[in-house]
Amino acid sequence: MDAPNALEHHPHAPPPTDPDPPGPPSPPPTAAATATDPLNNPYASLNDLSHELSSLQELATRGSWRSILDKVARARTNHLLTKPHEHLTYLSFHLIALTKLRRFADAVAELDSLDSDLDSSNYHYQSYPHHYPNITGSMVPFVLRWLHAELPAKLGNRQETLDRFYTLLHFVRSKLSDSSNLSHFCVELWKKREVFVINTIISHHLSHKEFVICLALIKDLIGKSEGSSSEDKAALLSKLGYVQMQFGDLEGAKATFSAIEGLVSEGKGGVEMENLVSRNKALLYIVGRDYVSAVREYDVCIERDGGDAVAINNKALCLMYLRDLSDSIKVLENALERVPTATLNETIVVNLCSMYELAYVNHSDIKRTLSNWISRVAPDDFDASSTRI
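Residues numbered from 1 in each chain as written. Predicted model: local features only at pLDDT ≥ 70, side-chain atom pairs only at ≥ 80, totals over all residues. Heavy atoms only, no water.

- With an unreviewed UniProt entry as reference, the protein chain is termed Trafficking protein particle complex subunit 12, source organism Escallonia herrerae.

1. Concerning the overall build of the protein chain
Logical step 1: Across its full length, the protein chain carries 18 helices and 2 strands.
Logical step 2: Relative to its full complement of 389 residues, the protein chain shows a buried share of 45%.
Logical step 3: Partitioning the intrachain contacts of the protein chain with sequence separation of at least 6 by distance along the chain shows that 58% fall at a separation of at least 24.
Logical step 4: For the protein chain, the computed accessible surface area is about 19,200 Å², with 51% contributed by carbon and sulfur atoms. (Helix = DSSP H or I, 4+ residues; strand = E, 2+ residues; numbered from the N terminus. Buried < 20%, exposed > 50% of the residue type's maximum accessible area, 1.4 Å probe, protein only. Contact = heavy atoms within 4.5 Å. Areas by Shrake-Rupley, 256 points an atom, 1.4 Å probe, with all protein chains shown as cover.)

2. Things to note about helix 14 (residues 309–321)
Logical step 1: For helix 14, spanning 13 residues, the distance from its first C-alpha to its last is 18 Å, which sits close to the expected 18 Å at 1.5 Å a residue.
Logical step 2: The buried fraction of helix 14 amounts to 12 of the 13 residues, a majority that puts the element mostly inside the structure.
Logical step 3: Residues Ala309, Val310, Ala311, Ile312, Asn313, Asn314, Lys315, Ala316, Leu317, Cys318, Leu319 and Met320 constitute the buried set of helix 14.
Logical step 4: Along its buried surface, helix 14 packs onto helix 12 (271–287), helix 13 (291–304), helix 15 (325–338), helix 16 (340–343) and helix 17 (346–359).
Logical step 5: Where helix 14 starts, the residue carrying a side-chain oxygen 3.3 Å from the main-chain nitrogen of valine 310 turns out to be aspartate 308.
Logical step 6: A positive phi of about 65° marks arginine 323, the residue just after helix 14. (Expected span 1.5 Å × (residues − 1). Polar contact = N/O pair within 3.5 Å; in protein donor to acceptor, adjacent residues only side chain to side chain.)

3. Topic: the packing of aromatic side chains
Logical step 1: Throughout the structure, instances matching the rule amount to 9 aromatic pairs.
Logical step 2: Aromatic side chains tyrosine 242 and phenylalanine 257 sit 5.8 Å apart centroid to centroid with 55° between the ring planes, which places their arrangement in the tilted category. Residue tyrosine 242 is found in helix 10 (residues 230–246), and its partner phenylalanine 257 is found in helix 11 (residues 250–265); the two are separated by 15 residues along the sequence. Just as tyrosine 242 is buried, phenylalanine 257 falls in that class too.
Logical step 3: Here the aromatic cluster, defined as three or more aromatic residues joined through ring pairs, consists of Phe142, Phe171 and Trp190.
Logical step 4: In this structure, arginine 193 packs its charged tip against the face of tryptophan 190, placed 4.6 Å from the ring centre. (Phe/Tyr/Trp six-rings, centres within 6.5 Å; stacked < 30°, edge-to-face > 60°. Lys NZ or Arg CZ within 6 Å of the ring centre and 35° of its normal.)

4. Quick look at the environment of glycine 262
Logical step 1: When you line up the elements, glycine 262 lands in helix 11.
Logical step 2: By relative accessible area, which is 22% here, glycine 262 ends up partly exposed.
Logical step 3: In sequence terms glycine 262 and valine 277 are 15 residues apart; their C-alpha atoms lie 9.6 Å from each other.

5. Let's talk about the pattern of salt bridges
Logical step 1: For the structure shown, the criterion picks out 22 salt bridges.
Logical step 2: Where arginine 368 meets aspartate 365, a salt bridge forms, and the shortest distance between an N and an O atom there is 3.4 Å. With a gap of 3 residues between them, arginine 368 and aspartate 365 both fall in helix 18 (residues 363–377), about one helical turn apart.
Logical step 3: One continuous salt-bridge network, built from bridges that share partners, spans Arg173, Glu194, Asp220 and Lys224. (Salt bridge = Lys/Arg side-chain N within 4 Å of Asp/Glu carboxyl O.)

6. Some details on the confidence of the model for the protein chain
Logical step 1: Averaged over every residue, the pLDDT of the protein chain is 88; the share at 70 or more is 88%.
Logical step 2: pLDDT under 50 marks residues 9–33. Its contacts with residues more than four places away, or in other chains, come to 70 contacts. (pLDDT = per-residue confidence, 0-100.)

Written out as structure tokens, the structure reads:
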């Protein structure tokens, strides 16, 4: 039986599902606008931006990825997409859906239908003046650039993914270095994208235990975090602490976690920040094999936020390590029943099934019952193999 998994203490941000809006309203004929400021775009709603875009966004929010595939196919078949940027917007949602459903080869094949250079003039508004008078700039949604970088790794080409992400990082930083014509909103948006891309790169290096590179990237982010919110600083410091722990720098991790606690003691942050501090304390207890104290910290987290999936999962693991399988199973079962939207993920299901295998002779029947329930309530992209039936 595989060892149970602890949930990470920091979320890995998924790719954004909202495509970049095509740009601001047309200025007087003497000026050309750049497609850079969503606050000034001429579209009053998502549906003005692209055909039934609000419906796609709602389906994505619900995790109805197969419905998105159907909707995109119908729009293409019925020729409902009349402008170039609409084709790219629908393509982006189609690729996200294929990726979520782990149909990576299909996603790569569709991506290959595009020009290999996403900055090609084919994807510039000014190339289609009859559709976009007086608007310039790229119509490529940022998520499309992100998927272009991420997908090769899904097919085993990790180096290609890293190369593309570093190229994407250079692209983002080029926007920031030449931001004189950008609004404050756009500058902040590109800064968030820089952090997002760096975090993705860190995750790829961390998965191969390339800790030195991870530390350098995290410290670079911390150095640029002046003016960031306390929550953002705490997330960065937590990431640093987790990396320090993984390569054995326990004292360094303790100092990093203490810095986060200092942010909270200054009155900055709410329940999420307080739970982050408690989870970090619990993690240190787990390293010291003091599972009782770790459970106590996780209980505090769950009392503050009953949907804290990390605390719920890791509390159950600590109880299992304390040889209390019955209570560990109850913790996960109760959480799935009480807050399924927060706790129904593959890590929790894999751990629960591992506990069933340890606790019950008839674990196959119990796992099948769980699998049937999951099939009724889970989003399309839930990995049914996590029940290991």
